Amino acid sequence: MDLVLDIRDIHRVYESEAGFTHALRGVSLSVRRGEFLCIMGPSGSGKSTLMNTLGCLDTPTSGSYYLEGMDVSMMDDDELAEIRATRIGFVFQSFNLLPRSTVLRNVMLPLIYSNNCPVQEREARAIRALNSVSLPEQYFDHKSNELSGGQMQRVAIARALVNDPALILADEPTGNLDSATGEMVLSTFQRLRNEGKTIVLITHDPEVSSWADRTMHIRDGRLLTDEEEREVIRTSTTRGRGLT
Amino acid sequence: MRIADLATETWEALDANRGRSLLTILGIVIGISAVITMTALIGGIKQSLVSSLGLNQARAIYIGVYSGNSVTQADADRVAEKVSGYKFVTGYNYGSASVTTGNKQKNAQVVGVRPEYFEAIGKKPGSGRLIQEEDVSSMSCVCVVDQNTVKELFGDVDANVVGKTIRMNNDDYSIVGIIPAQGAAMGGGTTVFVPLTTSMARITGSQTIDQMIGYANEDADVDELVSSTKSWLERYYQVEPQQEQGQESGDFFGGAISVYSMKSIAQQLNSTMLAFQVLMTTVASISLLVGGIGIMNMMLTNVTERIREIGLRKALGARRSDITMQFLLESVCLCLAGGIIGIVLGYLGSFGLAGLASGMTNGAPVTPVIEPAAVLLASGICVAIGVAFGYYPARHAARLDPVESLHFQ
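Worth saying up front: this structure is predicted, and the values here are computed from it rather than measured. (Residues numbered from 1 in each chain as written. Chains lettered and ligands numbered in written order. Predicted model: local features only at pLDDT ≥ 70, side-chain atom pairs only at ≥ 80, totals over all residues.)

**Student:** In this structure, what is going on with the interface of chain A and chain B? I would like to understand it.
**Tutor:** Many analyses report the size of an interface as the accessible area lost when the parts associate. Each partner contributes residues to the interface: chain A has 21 residues there, and chain B has 17 residues. Among the elements that line the side of chain A that touches chain B, the one with the most residues is helix α2 (residues 77-87) of chain A, at seven residues. A class-by-class count of the residues in the side of chain A that touches chain B yields nine nonpolar, six polar and six charged. (Contact = placed C-beta atoms within 7 Å. Helix = DSSP H or I, 4+ residues; strand = E, 2+ residues; numbered from the N terminus. Nonpolar A, V, L, I, M, F, W, Y, C, P; charged D, E, K, R; others polar.)

**Student:** Could you clarify how one ought to interpret helix α11 (residues 307-315) of chain B in this entry?
**Tutor:** Working note: α-helix, 3.6 residues per turn, so residues spaced by three or four point in the same direction. Within α11 of chain B, the full set of buried residues consists of Ile310, Gly311, Leu312, Arg313, Lys314 and Ala315 of chain B. Immediately beyond the C-terminal end of α11 of chain B, within one or two residues, lies glycine 317 of chain B, with a positive phi of roughly 115°. (Buried ≥ 20, exposed ≤ 12 C-beta atoms within 10 Å, placed from the backbone.)

**Student:** Even after reading the chapter, I still don't get unusual backbone geometry, so can you show me in this structure?
**Tutor:** Where the residue is not glycine, phi is negative for most of them; where a peptide bond is considered, it is trans in most cases. Even without being glycine, phenylalanine 95 of chain A reaches a positive phi, approximately 65°. For methionine 139 of chain B, which is not glycine, the phi torsion reads 50° and is therefore positive. Structurally, methionine 139 of chain B can be placed in the loop between α6 (133-137) and β5 (142-146).

**Student:** Just to check I follow, could you spell out the environment of threonine 49 of chain A for this structure?
**Tutor:** Note that threonine 49 of chain A resides in helix α1 (residues 47-54). For threonine 49 of chain A and arginine 25 of chain A, which are 24 residues apart along the polypeptide, the C-alpha to C-alpha distance reads 11 Å.

**Student:** What exactly am I supposed to notice about the domain arrangement of chain B here?
**Tutor:** For chain B, the domain assignment lists domain 1 (3-52 + 267-406) and domain 2 (60-219). Placing a centre on the C-alpha atoms of domain 1 of chain B and another on those of domain 2 of chain B gives a separation of 52 Å. (Domains from an automatic or database assignment.)

**Student:** Help me out: how do you make sense of helix α4 (residues 73-82) of chain B in this one?
**Tutor:** Residues and elements named next belong to chain B. What α4 keeps buried is the set Gln73, Asp75, Ala76 and Val79. For α4, the angular spread of buried residues about the axis comes to 160°, placing them on one side. The exposed residues of α4 that point more than 90 degrees off its buried face are Ala74 and Glu81. Here the buried face of α4 lies against β1 (60-65), β2 (86-101), β9 (211-216) and α9 (222-237). (Arc of directions from axis to C-beta.)

**Student:** Help me out: how do you make sense of the sheet that holds strand β8 (residues 199-203) of chain A in this one?
**Tutor:** In any sheet, the strands associate via hydrogen bonds between backbone groups, in a parallel or an antiparallel arrangement. Residue and element names in this part refer to chain A. Across the sheet, which stays open at both edges, the six strands sit in the order β6-β7-β8-β3-β9-β10 with mixed pairing between neighbours. Single-partner strands in this sheet number two, and they are β6 (88-91) and β10 (222-223). Note: strand β9 (residues 214-219) against β10, two bridges, orientation antiparallel. By the bridge assignment for β10, isoleucine 218 is matched with leucine 223. (Pairing = 2+ DSSP bridges.)

**Student:** Even after reading the chapter, I still don't get the pairing of β6 of chain A, so can you show me in this structure?
**Tutor:** Residues and elements named next belong to chain A. Of the two faces of β6, the one lined by Ile88 and Phe90 and the one lined by Gly89 and Val91 are each fully buried. Bridge count between β6 and strand β7 (residues 167-171): four bridges; the pairing is parallel. Across the sheet, residue glycine 89 finds its bridge partner in β7, namely isoleucine 168.

**Student:** Could you clarify how one ought to interpret the sheet that holds strand β1 (residues 3-16) of chain A in this entry?
**Tutor:** Residue and element names in this part refer to chain A. Ordered in space as β2-β1-β4-β5, the four strands form an open sheet in which the pairing is antiparallel. Bordering the open sheet on either side are β2 (19-32) and β5 (70-71), each of which pairs with just one other strand. Relative to β2, β1 runs antiparallel, the two sharing eleven bridges. Following the sheet pairing, isoleucine 7 is matched in β2 by leucine 29.

Spelled out as structure tokens, the structure:
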């Protein structure tokens, strides 16, 4: 079994003025290559912390994290930056595009931080990524703040794809979009999954989770067991397609 | 991160904030233009003084004996004979007369000279000829004037007055030649050169000379010649050697025997200018310091405004050093842009103020001198300011936590 990520018993404790916050309490999770996993949980459940940990933006207090077999829990800042630059693609709720730069430059942005893409190939790769999110070519030279929300998010997905990462991490990617546009974005993810990309999507919206291959629920810093999960599904009012 | 990428990012960031960037660098612009104006003017003043004083005549040595003895041309010849290293030593005297030309009357300084005098001060005739040996031996009433004097007497600096006659002390002198303008320090104003003998007979009425000017041999060490001349003269006139209270020999202030070369004047001039320069540099430094703080302030605002962008860049794989470099380069570019604008403005300003500065040289024109070294130094200072005042904001940006900055509102 080809595991893209494998985390074992991750804990994350924050120290703040108010005392210690135990955001993750022993999370274990593995994701196969080509899987579309959805992690669901209400706010405060620790899903953002989990997302940051998976994205190598944050290091766990204890536990191990293997990304494509590499132990990233022991890496220093610069090594993590290198991992983020080459192995992870981020999609954010608020898109986080550089507003004054063109679509193409936004998509090329991760390439300037990784050393494995020759300058003359950058544009070709960005165009390929934009094609795979079906953004019409006429928008490539637009400033990103001239686009609609759905277009912006597709640009952001293209940016996440451009380095051909092992893992695409999406944090509430449809949170700022209306439902029709949201569906378009989700279908983009599904198509990417069909092309063999590994996607971990975090949401609190059960509608969204129905697009994924597998959904896991997080509560109070722990992933729920199958039994607890069935309980959650029974009580949830919406039934998604992906949960059979 | 590649240099080219860094440059593009920097340009985009600065371009986006053009108005604010321009305001921020104003302090640097003012500081640098002050430095450039100052160095250009000082260079110009120096050059103007050097050419008007004949400071380039490094081989001329001025000898004055003020011991109460009467000094004659014979003494001058003796100096040339006894102190080795002189091509010649020639005496001259000063007198004054009222000069009448047509219906104009002016007071003039009259310098009685021998032909060698002009070689020593490095003047060639602009038109006509100089005082010649026959003029001296025949005590003829001829004179040479400089261009300043032409202007004073005839109203037009370029007037061709060779062959014209001026009247001094009831004698008519015909102008035989014109030399380029003398500087203010050399007497300026209205100066008429006549043969030494003529001056002795008709102007000063005395056979003595007032000063000698020696012309060193080409291979002679001028400094050494100054001191050997001085000590010889002290022995000759039996004058107590002057107490050298920390002053260099050849100082032309005080003493019964004064021997100095233009070289020592040039040195004194340099030290005077240096003091001026230090003062101006202090003022400019304060402006640059204030400018630097302005840059730091803007960069800190900049970092706060772009926290989310920084978080994004980090999420996309930027290392701390990438972020540091990006912000550092922005501040260096800002300062450098300020410096370049300052250099241009300073250069223009120095031409604007050149007229004012010519007051310091008593009317001699001042052409600002731009030294490449000053331009390079100014640019270097700008880069240093950019690094010094950009480092803290850049480090602050680089150390931001990516998670927190991504969610910064």
